[in-house]
Each structure stands twice: as structure tokens, then as C-alpha cells.
Amino acid sequence: MRKALPALALLIVLTNVGAVETGETRIDTVGRSATDPGRSERAPMEVSRTDVLEAGYWGITLEELHRARHLMRGPRGAFSDPRISPIEVLGIHARSDTERDRYAALFAKLLHEDTDRVLAWQRAGDTAMRRLYPTDKAVDFSFGRPAGGGKTLPNWFFSPGGSAQ
């Protein structure tokens, strides 16, 4: 009986893990009116605050975000890296040339902005390195050998074709 008590306690603890409150807010989307002829018979879709933020990050609508996720549950998810952006998924599965062009422009804009951020970060890092370590090389290819000492590669190693002539 003593051996069963720790196992029972562990089982109770593990069972209660699923009931943890996550604090995520749910927002019901506004559905179409009952008089709308295109009204769907489905229940209103619940949208998390996280979905709203994610769609905003990518510059797409909630509907587009959910379509991208739906597409990733099919063959696109099997064919693509799971980290593919929703814009790329939507662009690959565009329903028209106009839609494809829109996603391509959005992707190019986001990629350009990200490249600017990465390069700004690199410049700041380079400046900090020069300030903190003014006499050090960024990369030291000597591998601890004294200057002029040790083995060197022959000039022919760097010539096209790489063979001694």
C-alpha cells in the first residue's frame, strides 16, 4: 500500500496539469447577419488575441491567417518547412495572379525591413567590437601560430583548377 501512495499522488498531479488556466482571451468574431444570403451555417469562429497579434505582424487579415493554417494541415505542411510564413503559404496557394502579386509585395516589404534591422544590428555590433577590443582582429586566421611561422599553403592552391603546374 505504501508504494501505491506515491504513484497515486503522481497520477493526481499529472491529471490536474491539463486544467491550468492559460489566461488567453477569446473574442467571438462578428458573423454575417441572418438576412445575408452568403451566410455560413457554421458557428462563429473564436479568435484568440494571439491570432489578432500574429495577423497584424504579418500584415494579413484573420481570415488569411486561418486559411494559411488550414493549408498547412494539408500537403503544404508536408512539403514545406514548418517555419514557413503564412504569407509564403498564401502566395504559393494564391487564387489569382493579383493575389500572388499582393503577397509577393508584402513578403518583399517585410523581408526588406528585416534586412534593414539585421544590418543595423550588425553595424552596432561592429562598432561595439571596435570600441571594446580596438587591437583585436575580428577573425584571427593564424590559429595561434606566430606571424610568418608555421606552414603556409602554396600559391598554386589558390589558382583556378587548384593544381600544381
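Here the structure is a predicted model, which is why all the values come from computation and not from measurement.

J.: Help me understand the overall build of the protein, please; the structure alone is not making it clear to me.
T.: The helix and strand inventory of the protein stands at six helices and two strands. Listing every helix and strand of the protein by position from the N terminus yields α-β-β-α-α-α-α-α. Buried residues in the protein amount to 15% of all 165 residues. A separation of at least 24 residues holds for 27% of the contacts in the protein among residues at least 6 apart in sequence.

J.: Mind showing me how you'd approach the nonpolar core here?
T.: Note that soluble globular proteins tend to have their nonpolar side chains buried in a common cluster. Among the nonpolar cores identified, the biggest contains twelve residues, and these are Ala 55, Ile 60, Leu 65, Ala 68, Leu 71, Ile 84, Ile 87, Val 89, Leu 90, Tyr 103, Leu 106 and Leu 110. Residue assignment for this core shows that the elements contributing at least two residues are α3 (62-72), α5 (86-92) and α6 (97-132).

J.: Could you clarify how one ought to interpret the pattern of salt bridges in this entry?
T.: Side-chain pairs of opposite charge can arise whenever the charged atoms involved come near each other. Per the counting criterion, the structure on display carries eight salt bridges. A salt bridge links Asp 81 to Arg 83, with the shortest nitrogen-to-oxygen separation between them at 2.8 Å. Judged by relative accessible area, Asp 81 falls into the partly exposed class, the value being 38%. Of the charged contacts in the structure, one is a salt bridge between Lys 109 and Glu 113, with a shortest N-O distance of 3.3 Å. Here the residue Lys 109 and the residue Glu 113 both occupy positions in helix α6, the gap between them amounting to four residues, near one helical turn.

J.: Could you clarify how one ought to interpret the side chain of Glu 64 in this entry?
T.: Here Glu 64 shows up in helix α3. Contacts of Glu 64, omitting those with residues within four sequence positions, involve Leu 90, Arg 102 and Tyr 103.

Cut-offs and rules
- Note that residues are indexed from 1 along each chain, following the sequence as it is written.
- Given that the model is predicted, a residue must reach a pLDDT of at least 70 before its local features are reported, and side-chain atom pairs must reach 80 or more before they are shown or counted; all residues, however, enter totals for whole chains, interfaces and linings.
- Just so you know, side-chain values use all the structure's heavy atoms and leave hydrogens and water out.
- Numbering goes from the N terminus for both helices and strands, where a helix is a DSSP run of H or I of at least four residues and a strand is a run of E of at least two.
- We call a residue buried when its accessible area falls under 20% of the maximum for its residue type, exposed when it is over 50%, and partly exposed in between, using a 1.4 Å probe and counting protein chains only.
- Contact criterion: two residues are considered in contact whenever any of their non-hydrogen atoms come within 4.5 Å of each other.
- Among buried residues, those of type Ala, Val, Leu, Ile, Met, Phe, Trp, Tyr and Cys that are joined through side-chain atoms within 4.5 Å constitute a nonpolar core.
- Just to be clear on terms, a salt bridge is a Lys or Arg side-chain nitrogen sitting within 4 Å of an Asp or Glu carboxyl oxygen.

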